[in-house]
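Listed below are the residues making up each chain.
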Protein chains: 2
Amino acid sequence: MNVATPAKGARAVEQAYDYLKNAILSGEFAARMHLREGAIATQLGLSRTPVREAFRRLGAEGWLEITPNAGVKVAEWSPRDIEEVFEVRMLIESRVAGRAAQRATEAQIERLRALAEQMSAMADCPVDQVLDERSTVNAEFHELLVEAAGSQRLKRLLDLVVEIPMVKWVFGSYQPAEIRRSAAHHHEIVAALEAHDAEWASAAMKSHILSAHHAVMRRLRQLDSAPNQDQ
Amino acid sequence: MNVATPAKGARAVEQAYDYLKNAILSGEFAARMHLREGAIATQLGLSRTPVREAFRRLGAEGWLEITPNAGVKVAEWSPRDIEEVFEVRMLIESRVAGRAAQRATEAQIERLRALAEQMSAMADCPVDQVLDERSTVNAEFHELLVEAAGSQRLKRLLDLVVEIPMVKWVFGSYQPAEIRRSAAHHHEIVAALEAHDAEWASAAMKSHILSAHHAVMRRLRQLDSAPNQDQ
DNA sequence: TATTTCGTTATTGCATACAAAATTGACGAT
DNA sequence: ATCGTCAATTTTGTATGCAATAACGAAATA
């Protein structure tokens, strides 16, 4: 039924990887759920080998828990785990912003400004309608910023932590005012870069992340109290 | 000389992983060197499958660079890369120390104090003689601290960044005075924990990491100007 | 009825076989 | 001599088969 998207390279591992990651992030696979190599393989029309490789990759990235002779389980994300993700993002991305303020070229700043404009233009559209586009533009903004900072290793680390679908989830948690605030943050970061003020850029980014953190944790509390009646 | 140690679990993947990681970190495999699944496999008396799995794991951890249909290369660590590693360590570990100051139990602080004492006791021994033990005790200290902070995800992230063998390398870069300073830092961090002073603990840890950073970068400059023997 | 033991089954780990892609080297054209 | 082309070889990617280990369940005993 799904068979996922064949991906660009059409490589079997990519296919398995994309399918699994999507299933995990979309909630199709519940937390703690046990996954079997064989089942996934036949479902995707592949052999166990590429599925197994995808398992390992996802394990290294923290999405699956692997126990040697038993199988793999979908990792569980506690509120504390999510808090820690935002903690890391805040620490690293604010540092990155500061460095970018010292090193960004005119062209890079220009491109960042354009992305910030795009973001603002979407601010008044209905939330659900531009969710994907907002996520994409936002991801581009943050990525370009790391590039401007010239921090390749930090980028790798961030990629490991800040998953695009999770970003989408963040926007789903935003209230209209918070979306506008987020867009404003982007503009402010660009302004700090133009001024080559590392402190300012760093502080603005810190606000940006903490604001997102707040929105997500509020969402979590809502989800926690709404659908469960046993407490 | 190779064939590595059969490791505890005697699992083939572990064997391959341990062998490869050791070879990379010891410099037996030069940077940018191309590794072939088949060669490693026959050399270790295994099939390609577990070797391949080890490759992927090491790739995810940043020790190997994997390009889809070409093979794997030993990753190159530029001075900037190493700088970034210390940047991350500084950011995360100082935050962790601050959190530990707020949450550590008496028992945990006691244990940390004992480790700090052990460290001091070794401070006056010849550098090379206690290199391994120093690394072990140091690693334990930092690990226990993360545990006291109750930050499981951050611990995973740190594990990815701060490799034990690299820690050993740090101690090899220390001058006698720096070893004593490092031991003093540990004591100071324990004191900050006893006082439940997050700012203090955080600042002490920041000093601790920056001091190590400084020592390693100095070592790098020395190696760079001196003739090196690795191919 | 609860619990332990043992045999069956299912699932993972590893090895091998085969397919696809890339690298290499020789050859020929300019 | 240099560059480009193409085939031979090597190397990676995937599939399958077999062995080892763990999960499951039934039977037997207390």
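Nothing here was measured: the structure is a model prediction, and the numbers come from that model. (Residues numbered from 1 in each chain as written. Chains lettered and ligands numbered in written order. Predicted model: local features only at pLDDT ≥ 70, side-chain atom pairs only at ≥ 80, totals over all residues. Heavy atoms only, no water.)

Asks: Go over the protein's contact with DNA strand C with me, naming the residues and quoting the values.
Replies: Surveying the vicinity of DNA strand C reveals 18 residues, the closest of which are Arg52(A), Arg56(A), Pro68(A), Ala12(B) and Val13(B). Among atoms of DNA strand C positioned within 4 Å of the protein, sugar and phosphate together represent 71%. Separating a phosphate oxygen of DNA strand C from a side-chain N or O atom of Arg36(A) is a distance of 3.0 Å. Contact between DNA strand C and Thr49(B): a base nitrogen at 2.9 Å from a side-chain N or O atom of the residue. Only helix H3 (48-60) of chain A together with helix H1 (12-25) and helix H3 (48-60) of chain B provide two or more residues apiece to the surface near DNA strand C. (Near = heavy atom within 4 Å. Polar contact = N/O pair within 3.5 Å; in protein donor to acceptor, adjacent residues only side chain to side chain. Helix = DSSP H or I, 4+ residues; strand = E, 2+ residues; numbered from the N terminus.)

Asks: I'd like a description of the relation of the copies chain B and chain A, backed by residues and values.
Replies: When chain B is fitted onto chain A, the two copies agree to an RMSD of 0.1 Å after a turn of 180 degrees and an axial shift of 0.0 Å. Here the two chains are linked by the operation of a two-fold rotation axis. (Least-squares fit on C-alpha atoms with pLDDT ≥ 70 in both.)

Asks: Hey, could you go over the packing of helix H4 (residues 79-103) of chain A against helix H7 (residues 152-161) of chain A for me, with residue numbers and the actual values?
Replies: All names here are of chain A. The contact between H4 and H7 brings their axes to 11 Å, and the two run at 150 degrees. As the angle between them shows, H4 and H7 are arranged roughly antiparallel. Viewed along their axes, H4 and H7 form a crossing whose handedness is left-handed. Facing Val85, Val88, Arg89, Ile92, Glu93 and Val96 of H4, the residues of H7 in contact are Leu154, Leu157, Leu158 and Val161. Across the contact of H4 with H7, the residue classes tally to eight nonpolar, no polar and two charged. (Axes fitted to C-alpha atoms, helices over the stretch in contact; angles between N-to-C directions. Parallel < 35°, antiparallel > 145°, perpendicular 65-115°, else oblique. Left-handed = near helix turned anticlockwise from the far one by under 90°. Contact = heavy atoms within 4.5 Å. Nonpolar A, V, L, I, M, F, W, Y, C, P; charged D, E, K, R; others polar.)

Asks: Quick one: what's the story with the confidence of the model for chain A, residue by residue and with numbers?
Replies: The share of residues in chain A with pLDDT of 70 or more is 92%, and the mean pLDDT across the chain is 89. Note that residues 1-8 of chain A has pLDDT below 50 and, in this model, eight contacts with residues that lie over four places away or in other chains. (pLDDT = per-residue confidence, 0-100.)

Asks: Report on the UniProt feature "domain: HTH gntR-type" (unreviewed entry) in chain A, specifying residues and quantitative values.
Replies: UniProt records the feature "domain: HTH gntR-type" (unreviewed entry) for residues 10-77 of chain A in the present numbering. The span residues 10-77 of chain A shows a helical share of 53% and a strand share of 12%, and its end C-alpha atoms are spaced 31 Å apart. (UniProt positions renumbered as here; feature names shortened; annotations may be inferred.)

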